[in-house]
Amino acid sequence: MLTHFHEDHAGGAAEFAALSGAEVLAHERDAPFVLGERPGPPPRFEEWELPVHAEAARHLPGGEPERPRHVTALLDGAVLGFGGGARVLHVPGHTDGSIAVFLPDEGVLFTGDTVAASPADGTVMPGVFNLDRPRLMGSLRRLTALDAEVACFGHGRPVVGGASAALRGAAAEGGPSTG
């Protein structure tokens, strides 16, 4: 399952699916980009994000990733057959098809890149390199309503215990921004 189409999350999906027989799943709005049917829209960088992105991009492999042959499209509210009925939550902003996955019986939330933890000090913050930061903040606020004890991020260490409170703090603070 892919939380969004960016290559640091989807770039190995075809190879993993071929090796494991796993099905590739992504939100219907990001599926065409995962499949390579068209290029995904670039993020709208805030000024402070430019040097961070340049450094991160240096560590990505060159060339085009292999694309999966098929992607199963997900929609908001889908219930998946693992984790006691994992729920798919459409959380646009990082990309138009970003998703989070919540395991309500376990209180575990996978946020994708909607939320991150600072590598410097572990502070929970809104994700970076977004397509639409105001929409991302709305999605983050949606996640604060969940009863999550554990939050796992696309980038940064997880919060183990009191994750909903950490998410509420990130939504209230808003994280770094120049706009």
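Residues numbered from 1 in each chain as written. Predicted model: local features only at pLDDT ≥ 70, side-chain atom pairs only at ≥ 80, totals over all residues. Heavy atoms only, no water.

Undergrad: Would you explain the overall build of the protein chain in this entry?
TA: Looking only at helices and strands, the protein chain has six helices and ten strands in total. Dimensions of the protein chain, computed from the C-alpha atoms along their principal axes, are close to 40 × 40 × 25 Å. Counting across all 179 residues of the protein chain, residues that qualify as buried make up 43%. Contacts in the protein chain between residues at least 24 apart in sequence constitute 62% of all its contacts with a sequence separation of at least 6. Surface exposure of the protein chain reaches about 9,300 Å², of which carbon and sulfur atoms provide 55%. Counting 13 positive and 23 negative side-chain charges, the protein chain places the averaged centre of each group 4 Å from the other. (Helix = DSSP H or I, 4+ residues; strand = E, 2+ residues; numbered from the N terminus. Buried < 20%, exposed > 50% of the residue type's maximum accessible area, 1.4 Å probe, protein only. Contact = heavy atoms within 4.5 Å. Areas by Shrake-Rupley, 256 points an atom, 1.4 Å probe, with all protein chains shown as cover. Lys, Arg positive; Asp, Glu negative; His and termini not counted. Charge placed at Lys NZ, Arg CZ, Asp CG, Glu CD.)

Undergrad: Help me understand the pattern of salt bridges in this model?
TA: As a working rule, side chains carrying opposite charge can pair if their charged atoms are close by. By the definition in use, this model includes five salt bridges. Across the pair Arg 133 and Glu 46 runs a salt bridge whose closest N-O atoms are separated by 3.5 Å. With a gap of 87 residues between them, Arg 133 in helix H5 (residues 133-144) and Glu 46 in the loop between helix H3 (31-34) and helix H4 (49-58) connect regions that are remote in the sequence. Residue classification places Arg 133 among the buried residues on the basis of a relative accessible area of 17%. Residue Glu 64 is joined to Arg 67 by a salt bridge in which the shortest nitrogen-to-oxygen separation is 2.9 Å. (Salt bridge = Lys/Arg side-chain N within 4 Å of Asp/Glu carboxyl O.)

Undergrad: Looking at this structure, how should I read the side chain of Asn 130?
TA: Note that Asn 130 resides in the loop between strand S8 (124-126) and H5. Exposure remark for Asn 130: the relative accessible area of 4% places this residue in the buried category. At 2.8 Å, the side chain of Asn 130 forms a polar contact with the backbone oxygen of Gly 127. Not counting residues up to four positions away in its chain, the partners in contact with Asn 130 are Pro 43, Arg 44, Gly 93, His 94 and Leu 136. (Polar contact = N/O pair within 3.5 Å; in protein donor to acceptor, adjacent residues only side chain to side chain.)

Spatial relationships are all this shows, so hold off on functional conclusions.
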